[in-house]
Each structure stands twice: as C-alpha cells, then as structure tokens.
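Understanding the architecture of this molecule
Single-letter residue listing:
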Amino acid sequence: MRKSDITRKTNETEIAVSFSLDGKGQADINTGVPFMDHMLDLFIKHGQFDGRIHANGDTHIDDHHTTEDIGIVLGQAVLEALGDKKGLRRYGNAFVPMDDALAQVVIDCSNRPHLEFRGDIPNAKVGAFDTELVHEFLWKFALESRMNVHVIVHYGRNTHHIIEAVFKALARALDDATMIDPRVEGVPSTKGLLT
C-alpha cells in the first residue's frame, strides 16, 4: 500500500496527516479552518484517496499558518506515499466544472517543484477565509510533494465555485498522475530516476 503518516509541530501549528494514494475516498478532516475542511474533504473524496488530516493552529490570529502548514505536511505525505515512483504514470491532467467556473490542474511528479497559477479569484474572502491562502497552500503542497503543479482557472464568477473546482481538479489530476501503469518499467524518465 502506498501510504504515509506525517506529523509536524511548531510554535504556531500542530499537523498530523495519514494519507493513502490507493483509497476509497474516506476522509477524516478537522483543521480548525472550516473552509479548508470542506476543500480537503472533497480533495480526498474526488481523488479516491484515504486521508486523515488534523490540525491545531493559531487561528485566533488568522488562518495563514494552519493553511500553509497543512500544504507542507500533505505534500510531504504524498511524496512519502509515492515511494520509489516505479511504474508511475507521472503526468496527470483534469478539467473540473463547478457551475459557472472551470478549472484545470496539470501535474508532473518530476521531483522539480513548481507552482504555476493562472487565473483570477475575484473576492478576497469566502466567508471568513482569506482566498489568497489558496495560492499559499498550493505552493507549499507543490514544493513539499516535489511536483510541477499548474493551475488554470479558465473562467468563473463565484469565488467558492472557482476554489472548489481547483481542489477537485487537483485531486483528479493527482489521482491520474499517481496511478500505476503496468506498461512502465522502472521510473518514467529517460534519466532513469525521479528523485
């Protein structure tokens, strides 16, 4: 089984993630950031992963540290679950509509971390959540999972719909990229390694 357990404790947050790439969409999410709970729940569900993501952070200040650190630990958990990457498809691409919004995420499990985010999130807040933290989460996730993550918001008016489409597309693209392809011998790279 491709799974991992990662914890991280700082003076600002305590994060614990148990993650399986080969799951059934079972999620146990409790981060103290309600909007992130919603996004992570649907990320697990739509990626057909299994995940327990618990966080305790300084949300009395704001949601920044908790959201950022969840991205760090979830990225580390995905990287560890990938193991030696033998037989991996490596690339994943997903388009997801959400009413008025259309988002696309393209992933390369390349060991070259990079986030490219194209598109607009029209409002600074969804409820109490600062929407600039979506980029912060995605950047830390890409960095720690050591993946190329390209996010393209093609269009949309409703901020909640746009962000939800992004998280669902991230899940489906990650699922696509991390599937085992029986035709692949070793790792899918002419270099002979993805580490």
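Each chain has its residues counted from 1, running along the sequence as written. Note on the predicted model: pLDDT of at least 70 is required for a residue's local features to be given, and 80 or more for side-chain atom pairs to be given and counted; whole-chain, interface and lining totals, by contrast, use all residues. Working from all heavy atoms in the structure, the side-chain values ignore hydrogens and water.

We count it as follows: UniProt positions are given in the numbering used here, feature names are shortened, and annotations may be inferred rather than shown by experiment.
Per an unreviewed UniProt entry, the protein is named Imidazoleglycerol-phosphate dehydratase, and its organism is Planococcus citreus. As stated in UniProt under Catalytic activity (unreviewed entry), the record for the protein gives "D-erythro-1-(imidazol-4-yl)glycerol 3-phosphate = 3-(imidazol-4-yl)-2-oxopropyl phosphate + H2O". According to the UniProt record, the Sequence similarities (unreviewed entry) comment for the protein is "Belongs to the imidazoleglycerol-phosphate dehydratase family."

**Points about the overall build of the protein**
For clarity, the threshold we go by: Under the scheme used here, helices are H or I runs from DSSP no shorter than 4 residues and strands are E runs no shorter than 2 residues, and both carry numbers assigned from the N terminus. Whether two residues are in contact is decided by their heavy atoms: any pair within 4.5 Å suffices. Surface accessibility follows the Shrake-Rupley procedure with a 1.4 Å probe radius. Residue values consider only the protein chains on display as shielding. For the purpose of charge, His is not counted, nor are the chain termini; Lys and Arg are scored as positive and Asp and Glu as negative. Here the site of a charge means NZ on Lys, CZ on Arg, CG on Asp, or CD on Glu.
From N to C terminus, the protein includes 4 helices and 10 strands. Listed N to C, the secondary structure of the protein is β-β-β-α-β-α-β-β-β-β-β-α-β-α in terms of helices and strands. For the protein, the C-alpha atoms occupy an extent of roughly 50 × 40 × 30 Å along the three principal directions. Sequence-distant contacts, at least 24 apart, represent 77% of the contacts inside the protein between residues at least 6 apart. On the protein, roughly 9200 Å² of surface is accessible, and the fraction owed to carbon and sulfur atoms is 47%. Charged side chains of the protein number 21 positive and 29 negative; the gap between the two group centres comes to 7 Å.

**A look at the sheet that holds strand S3 (residues 26–30)**
Threshold: Strand pairing is defined by DSSP finding a minimum of two bridges between the two strands. Axis lines are fitted to C-alpha atoms, over the contacting stretch for helices. Their N-to-C directions set the angle, which ranges from 0 to 180 degrees.
Pairing in this open sheet of 4 strands is mixed, and the strands run S1-S2-S4-S3 from one edge to the other. In this open sheet, the two strands that pair with only one neighbour each are strand S1 (3–9) and S3. Adjacent strand axes in the sheet meet at a mean angle of 0°, parallel and antiparallel pairs treated alike. Bridge analysis of S1 against strand S2 (residues 13–20) gives 7 bridges, and the strand direction is antiparallel. Residue pairing across strands places Lys9 opposite Glu14, the latter belonging to S2. The sheet contacts of helix H1 (residues 34–47) involve S2, S3 and strand S4 (50–57), and relative to S3 the element is tilted by about 165°. Where helix H2 (residues 64–82) meets the sheet, its contacts fall on S1, S2 and S4, and the angle it forms with S2 comes to roughly 30°.

**Some words on the side chain of Thr178**
This is how it is decided: Burial classes: relative accessible area under 20% of the type maximum marks a residue as buried, over 50% as exposed, and values in between as partly exposed (1.4 Å probe, protein chains only).
With respect to the element layout, Thr178 can be found in the segment after helix H4 (159–177). Look at Thr178 and you get buried, because its relative accessible area is 1%. The contacts of Thr178, once residues within four sequence positions are left out, are Arg2, Leu21, Leu82, Leu88 and Cys109.

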